[in-house]
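Each chain, written out:
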Amino acid sequence: MPAKKRAAKKKAKKKTARKKVAKKKTAKKKTAKKRTAKKKTAKKKAKKKTARKKVAKKKTAKKKTAKKKTARKKVAKKKARKKVKRKPNPAFMRPMTASLALQAVVGSRPLPRTQITKKLWDYIKKNKLQDNINRRMINADALLRPVFGGKTKVSMFEMTKLVSKHLS
């Protein structure tokens, strides 16, 4: 083989060898870049997780402090309630005499309005005079009919109005 051809073949072999080496180097660089990119994304993910955890901790801390505050407020309200006692209205506590029709149900002693309504309800429940379908309605029996002004059915709210006419 002539020398020129041999030299050309050597040059070609060197070029292909260089190309192979260059390819290997670029491949190594690419894999190194991929590794660093993966590491960076892993770091970012870890940062995000820690940030989320911090936010969650803050939220739970806020909730706990809010619960503590509401608990303190409730305790303070209870203490405030204990200090102030509710006084009954003297008008309701004044003994009143009932009419004869009402005395048949409640009794003849003078009683406050609250006790009269309580005794009326006891009588209604004892004799099962509340309507089964509409519990707000009261079915009058022979003793209650004169108190209710001759009506056979009266609502709870109307009953108090009708009973007040029989008190003096």
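The shown structure was predicted, so the numbers you read here are calculated from the model rather than taken from an experiment. Position labels on residues start from 1 in each chain and follow its written sequence. Only residues with pLDDT of at least 70 get local features here, since the model is predicted, and only at 80 or more are side-chain atom pairs given and counted; chain-wide, interface and lining totals rely on the full set of residues. Derived side-chain values reflect all non-hydrogen atoms in the structure, with water molecules and hydrogen atoms excluded from consideration.

Draft legend 1. The arrangement of the overall build of the protein chain in detail. A tally of regular secondary structure across the protein chain gives five helices and two strands. Overall, the protein chain shows an N-to-C arrangement of helices and strands of α-α-α-α-β-β-α. Radius of gyration: C-alpha atoms only; globule rule: 2.2 Å multiplied by the number of residues to the exponent 0.38. Relative to its length of 168 residues, the protein chain is extended, with a C-alpha radius of gyration of 48 Å against a globular reference of 15 Å. Principal-axis analysis of the C-alpha atoms places the extent of the protein chain at approximately 150 × 45 × 20 Å. Buried positions account for 15% of the 168 residues belonging to the protein chain. In what follows, a contact means two residues having at least one pair of non-hydrogen atoms within 4.5 Å. Across the protein chain, every contact between residues at least 6 apart in sequence was considered, and the portion connecting residues at least 24 apart equals 28%. Accessibility throughout is a Shrake-Rupley quantity obtained with a 1.4 Å probe, and a residue counts as covered only by protein chains that appear here. About 14900 Å² of surface is accessible on the protein chain, with carbon and sulfur atoms providing 59% of the total. In this tally, Asp and Glu contribute negative charge and Lys and Arg positive charge; neither His nor the terminal groups of the chain are included. Charged groups are reduced to one reference atom each: NZ for lysine, CZ for arginine, CG for aspartic acid, CD for glutamic acid. Averaged over its 69 positive side-chain charges, the protein chain has a centre that lies 59 Å from the centre of its 4 negative ones. To qualify as a helix, a DSSP run of H or I must reach at least 4 residues; to qualify as a strand, a run of E must reach at least 2; elements of each kind are numbered from the N terminus. Each residue gets one of three labels from its accessible area relative to the maximum for its type: buried under 20%, exposed over 50%, partly exposed in between, using a 1.4 Å probe on protein chains only.

Draft legend 2. Spatial organisation of the confidence of the model for the protein chain. Taken residue by residue, the protein chain gives an average pLDDT of 82. The fraction at 70 or more is 92%. For every residue, the predictor reports its confidence as pLDDT, a number between 0 and 100. No element of the protein chain has a lower mean pLDDT than helix 1 (residues 3-83), which averages 74, and none a higher one than strand 1 (residues 137-139), which averages 95.

Draft legend 3. Just the pattern of salt bridges, in detail. For this analysis, a salt bridge means a side-chain nitrogen from Lys or Arg found within 4 Å of a carboxyl oxygen belonging to Asp or Glu. In total, this model carries two salt bridges according to the counting rule given. A salt bridge links Asp131 to Lys153, with the nearest nitrogen and oxygen atoms 3.7 Å apart. In this pair, Asp131 sits in the loop between helix 4 (113-126) and strand 1 while Lys153 sits in strand 2 (residues 153-155), placing the two residues 22 residues apart along the sequence. Residue Asp131 is classed as buried on the basis of its relative accessible area of 13%. In this structure, Lys151 engages Glu158 in a salt bridge whose closest nitrogen and oxygen atoms are separated by 2.4 Å.

Draft legend 4. Seen up close, the side chain of Ser155. Within the secondary structure, Ser155 sits in strand 2. For Ser155, a relative accessible area of 18% puts it in the buried group. If we ignore the near neighbours within four places in the chain, the residues touching Ser155 are Arg136 and Met137.

Draft legend 5. Spatial organisation of the nonpolar core. Grouped together as the largest cluster of nonpolar side chains are 21 residues, with contacts concentrated most on Leu102, Ile116, Leu144, Phe148, Met159 and Val163. At the level of secondary structure, the elements contributing two or more residues to this core comprise helix 3 (100-106), helix 4 and helix 5 (156-164). Sorting elements by how many residues they give to this core places helix 4 first, with four residues. Sequence-distant contacts of Ile116, defined by excluding residues within four places in its chain, comprise Met96, Leu102, Val106, Leu111, Val163 and Leu167. By convention a nonpolar core is built from buried Ala, Val, Leu, Ile, Met, Phe, Trp, Tyr and Cys residues, the set being connected through side-chain atoms within 4.5 Å.

Draft legend 6. Unusual backbone geometry, seen in detail. The backbone of Lys128 shows a phi angle near 55 degrees, a positive value even though the residue is not glycine. Structurally, Lys128 is set in the loop between helix 4 and strand 1.

Draft legend 7. Representation of the side chain of Asp131 within the structure. N or O atoms within 3.5 Å of each other form a polar contact, as long as, within protein, one can give a hydrogen and the other can take it, and as long as residues adjacent in sequence are counted only when both atoms are side-chain atoms. Side-chain polar atoms of Asp131 contact the backbone nitrogen of Asn134, separated by 3.2 Å. Residue contacts for Asp131: discarding those within four places in its chain leaves Met137, Asn139 and Lys153.

Draft legend 8. Fine view of helix 5. For helix 5, every residue scored as buried is listed here: Met159, Leu162 and Val163. Seen end-on, helix 5 carries its buried residues on one side only, within an arc spanning 100 degrees. Of the residues in helix 5, the exposed ones pointing more than 90 degrees away from the buried face are Phe157 and Lys161. Buried residues in helix 5 make contact with helix 3, helix 4, strand 1 and strand 2. This arc is built from the directions going out from the helix axis to the C-beta atoms.

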